[in-house]
Amino acid sequence: MGVDQSAAEFMFIQSKVDQVTQFAYDLSLRHIRDDEMPENVINVSRVNYLIGQILNGGFLQFVHNSKWDKNFIAGVRNGLAAIGAAEHLAVFDGAAQIIDEAYEREDGKLDAARFRASFDELEREHLSNPKLSQHLGMDVDDSWTWAERWQIAQVMNAVYIGTWDNVHRLPRADYEQALDRIVADVPDLENRREEYEAARPWEKRIIDRFVAQIGLDYVWYTAFGAREYNGKTVWCWNFVVGRTIGEGHHQAIFVDGEAIIFKGDTDEVATRMPAPESASGSGVARNEPEQEPGTQHPNISFLIDNP
């Protein structure tokens, strides 16, 4: 097994992983639960999520955005083991032990600075030149960057996908029909839909109405940000509308009984909509980070769950 350090080669590898992850996401949109999906698909999806989070904002971003859900964490561990990423699994297990011990203490607090120092040591030990060289059967030297030492797990992910039998590529229309056939036999599908809608954040339901008003049926959430509004800093919801990622960027804030949706990070208002849930004294819980907006570490992104 080898690795080509060029960006183009890695993007090709990443695209294979993204296709599998997209399949899992499309099933989830149809209310198929993780434990009902093929195990190998979940393995790829979990590893992809872990590596993406670490490269974007570090392991603590992964901890926050995964909510350290025990089933999700078990899926990541199983995924790393399945693709043969033994060194990355060792780093993960070492970090998980520190997180678990912190959460089990009475105060439930984690010393972030001490954790980062311990995590750096885990990386130095397990993602070292000798260990990676021995595992990969190739020369890993100091020219390998920190990011490449994590990205190699995505290469393993792609190799793992390549071992699968009975994988079929379908045109979009046939693909959608195949997904519909998968969910056709789910007996409680309507109940799942109702439970899903009831559990969705009220902010997303308002954004859904905006998307429908402009004649689209697709919204992809990215991350929470912060905006200045009437002399105060408030959380804003970043999302993309339409099928072309990177286009149709919008931001929404929910203040004083109103939803205000901006075009991207500009001050141009796309629409204003009633949002009584955000009125002072409404008593309705918000679905935003607990931290004060604008106070998060610059390397930490608070991702918004999709759908």
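About the thresholds
Residues numbered from 1 in each chain as written. Predicted model: local features only at pLDDT ≥ 70, side-chain atom pairs only at ≥ 80, totals over all residues. Heavy atoms only, no water. Phe/Tyr/Trp six-rings, centres within 6.5 Å; stacked < 30°, edge-to-face > 60°. Helix = DSSP H or I, 4+ residues; strand = E, 2+ residues; numbered from the N terminus. Buried < 20%, exposed > 50% of the residue type's maximum accessible area, 1.4 Å probe, protein only. Lys NZ or Arg CZ within 6 Å of the ring centre and 35° of its normal. Contact = heavy atoms within 4.5 Å.

1. What about the packing of aromatic side chains?
Item 1. For the structure on display, the rule yields 23 aromatic pairs.
Item 2. Judged by centre distance (5.9 Å) and plane angle (65°), the ring pair of Phe 59 and Phe 92 falls under edge-to-face. You can see Phe 59 sitting in helix α3 (residues 59–66) and its partner Phe 92 sitting in helix α5 (residues 86–104), a full 33 residues away along the chain.
Item 3. Of the residues examined, Phe 92 reaches a relative accessible area of 1% and is grouped as buried.
Item 4. Between the aromatic rings of Phe 62 and Phe 92, the centroid separation amounts to 6.1 Å while the plane-to-plane angle is 65°, which identifies the pairing as edge-to-face. In this pair, Phe 62 sits in helix α3 while Phe 92 sits in helix α5, placing the two residues 30 residues apart along the sequence. Comparing Phe 62 with Phe 92 shows no difference in burial state: the two are buried.
Item 5. Ring pairs connect the aromatic residues Tyr 49, Phe 59, Phe 62, Trp 68, Phe 72, Phe 92, Phe 115, Phe 119 and Trp 150, which therefore count as one cluster.
Item 6. Its guanidinium or amino end placed over the ring of Tyr 221, Lys 204 lies 4.8 Å from that ring's centre, counting from NZ or CZ.
Item 7. The ring of Phe 262 has Arg 227 sitting right over it, with the charged end atom 3.7 Å from the ring centre.

2. Focus: the environment of Ala 96
Item 1. Mapped onto the fold, Ala 96 is located in helix α5.
Item 2. Ala 96 gets classed as buried once you look at its relative accessible area, which sits at 2%.
Item 3. With 29 residues separating them in the primary sequence, Ala 96 and Glu 125 have C-alpha atoms 16 Å apart.
Item 4. Apart from residues lying up to four places away in sequence, Ala 96 is in contact with Trp 68 and Arg 77.

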